Amino acid sequence: MVDEQLRGRGIRDVRVLRAMLEIPREEFVLQELRHQTYGDEPLRIGYGQTISQPYITARMVELLELGGDERLLDVGTGSGYHAALLGALAGEVISIERIPELAAIAMDNLRRTGLDRNITVVCGDGSLGVPDHAPFDAISVAAAAPRIPHALLAQLADPGILVIPAGTRMDQELRVVRKREGRVEERGVSPCRFVPLVGSEGFKDNE
Ligand code: SAH
């Protein structure tokens, strides 16, 4: 996986590559899909949600340019895999999931693998961020938003980086929003497709 799907497609950050080697992805995947753990595709994790393909996860993490001691917000905990990677690369991770059953599964996965040391999973609407723990040096959103949620931008530190898929329900672009010296710059990186972010600043039923 690391050689073909990641290094071969341009993931260069050695810390990210090492973390992808070290975190046991199979522990975050449904039992019956374990044989597909290291395949080049997203996998269902239950409750209508999916864990992204390894390449997309690595790319998103690399774009955050983590040095090791950041305080980070992860929106859309799902299985907890992405949070586990972030935990290995940053100082502290707050991860928020709206589906209580998934939040519980993620906590269990993180505890079982011993990767929960610096990760707190909370249940709630992550489109509003987690104001009690703000500001965040970096924010990673693993569900597609119709637009950049204001709350997340407000809770991003300066300097800070937010990585989020944004667009329509059907197709989106991975976007990097950088706050620096009071200014906000935004750029698109690549097309992508994620499950929708729902909630206050997510997709509405008619969107
Ligand atoms: N990062 C996960 C996969 C994320 S799938 C992993 O590594 O497994 C996207 C997740 O975002 C889903 O679990 C979905 O329930 C969650 N989600 C969608 N809208 C949300 C919101 N407003 N707040 C928190 N979580 C949300």
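Anything mentioned here points back to the structure above.
Computed from a predicted structure; not experimentally measured.

A look at the site of the ligand
Then step 1. Inspection of the region around the ligand gives 24 residues, with Ser79, Glu97, Asp125, Gly126 and Val198 positioned closest.
Then step 2. Between Val198 and the ligand, the recorded distance is 2.6 Å, taken from a backbone N or O atom to a nitrogen atom.
Then step 3. Against a free-state accessible area of 580 Å², the protein chains account for coverage of 98% of the ligand.
Then step 4. Among the elements of the structure, strand S2 (49-51), helix H4 (81-89) and strand S4 (92-97) are those that each provide at least two residues to the shell around the ligand.
Then step 5. Per-element tally for the shell around the ligand: the top contributor is S2, with three residues.
Then step 6. Partitioning the shell around the ligand into residue classes produces 11 nonpolar, 10 polar and three charged.

Some thoughts on the packing of aromatic side chains
Then step 1. Tallying each qualifying case throughout the model produces one aromatic pair.
Then step 2. The ring of Tyr55 is capped by Arg9, whose NZ or CZ atom sits 5.2 Å from the centre of that ring.
Then step 3. When the ring centre of Tyr81 is taken as reference, the NZ or CZ atom of Arg25 above it lies at 5.0 Å.

As for the nonpolar core
Then step 1. Ranked by internal contacts, the top residues of the largest apolar core, which has 46 residues, are Leu6, Met20, Leu66 and Val163.
Then step 2. Among residues more than four places away in sequence, those in contact with Leu6 are Met1, Ile11, Leu17, Met20, Pro54, Tyr55 and Ala58.
Then step 3. Within the second largest apolar cluster, 17 residues are counted, among which are Ile96, Phe136, Ala145 and Val177.

Comments concerning unusual backbone geometry
Then step 1. Look at the link from Ala134 to Pro135: it is a cis peptide, with omega at 0°.
Then step 2. Residue Pro159 follows Asp158 across a cis peptide bond; omega there is 0°.
Then step 3. For Pro159, the location among the structural elements is in strand S7 (residues 156-167).
Then step 4. Phi at Tyr47 takes a positive value of approximately 55°, unusual for a residue other than glycine.
Then step 5. Turning to its location among the elements, Tyr47 is positioned in the loop between strand S1 (43-46) and S2.
Then step 6. Located in the positive-phi region is Glu181, a residue other than glycine, with phi close to 45°.
Then step 7. Among the structural elements, Glu181 can be located in the loop between strand S8 (172-180) and strand S9 (183-192).

A word on the environment of Glu62
Then step 1. The topology assignment puts Glu62 in helix H3 (residues 54-63).
Then step 2. A residue is classified by how much of its surface remains accessible, and Glu62, at 14% relative accessible area, is buried.
Then step 3. In sequence terms Glu62 and Ile11 are 51 residues apart; their C-alpha atoms lie 7.4 Å from each other.
Then step 4. Setting aside residues no more than four positions away along its own chain, Glu62 makes contact with Gly10, Ile11, Arg12, Asp13 and Val16.
Then step 5. At 2.7 Å, the side chain of Glu62 forms a polar contact with the backbone nitrogen of Arg12.

What to know about the sheet that holds strand S3 (residues 71-75)
Then step 1. Spatial strand order, S5-S4-S3-S6-S7-S8-S9: seven strands in an open sheet with mixed pairing. The open sheet terminates on both sides in strands that have one partner only, identified here as strand S5 (119-123) and S9. Strand after strand, the sheet turns through a mean of 15° between neighbouring axes, direction not considered.
Then step 2. Where S3 lies against strand S6 (residues 136-141), four bridges are found, and the strand directions are parallel. Among the inter-strand pairings, Asp74 is bridged to a residue of S6, identified as Ser140.
Then step 3. Along the sheet, H3 makes contact with S6, S7, S8 and S9, crossing S8 at roughly 15°.

Quick notes on the rules
Residues numbered from 1 in each chain as written. Predicted model: local features only at pLDDT ≥ 70, side-chain atom pairs only at ≥ 80, totals over all residues. Heavy atoms only, no water. Near = heavy atom within 4 Å. Polar contact = N/O pair within 3.5 Å; in protein donor to acceptor, adjacent residues only side chain to side chain. Areas by Shrake-Rupley, 256 points an atom, 1.4 Å probe, with all protein chains shown as cover. Helix = DSSP H or I, 4+ residues; strand = E, 2+ residues; numbered from the N terminus. Nonpolar A, V, L, I, M, F, W, Y, C, P; charged D, E, K, R; others polar. Phe/Tyr/Trp six-rings, centres within 6.5 Å; stacked < 30°, edge-to-face > 60°. Lys NZ or Arg CZ within 6 Å of the ring centre and 35° of its normal. Core = buried A, V, L, I, M, F, W, Y, C linked by side-chain atoms within 4.5 Å. Buried < 20%, exposed > 50% of the residue type's maximum accessible area, 1.4 Å probe, protein only. Contact = heavy atoms within 4.5 Å. Pairing = 2+ DSSP bridges. Axes fitted to C-alpha atoms, helices over the stretch in contact; angles between N-to-C directions.

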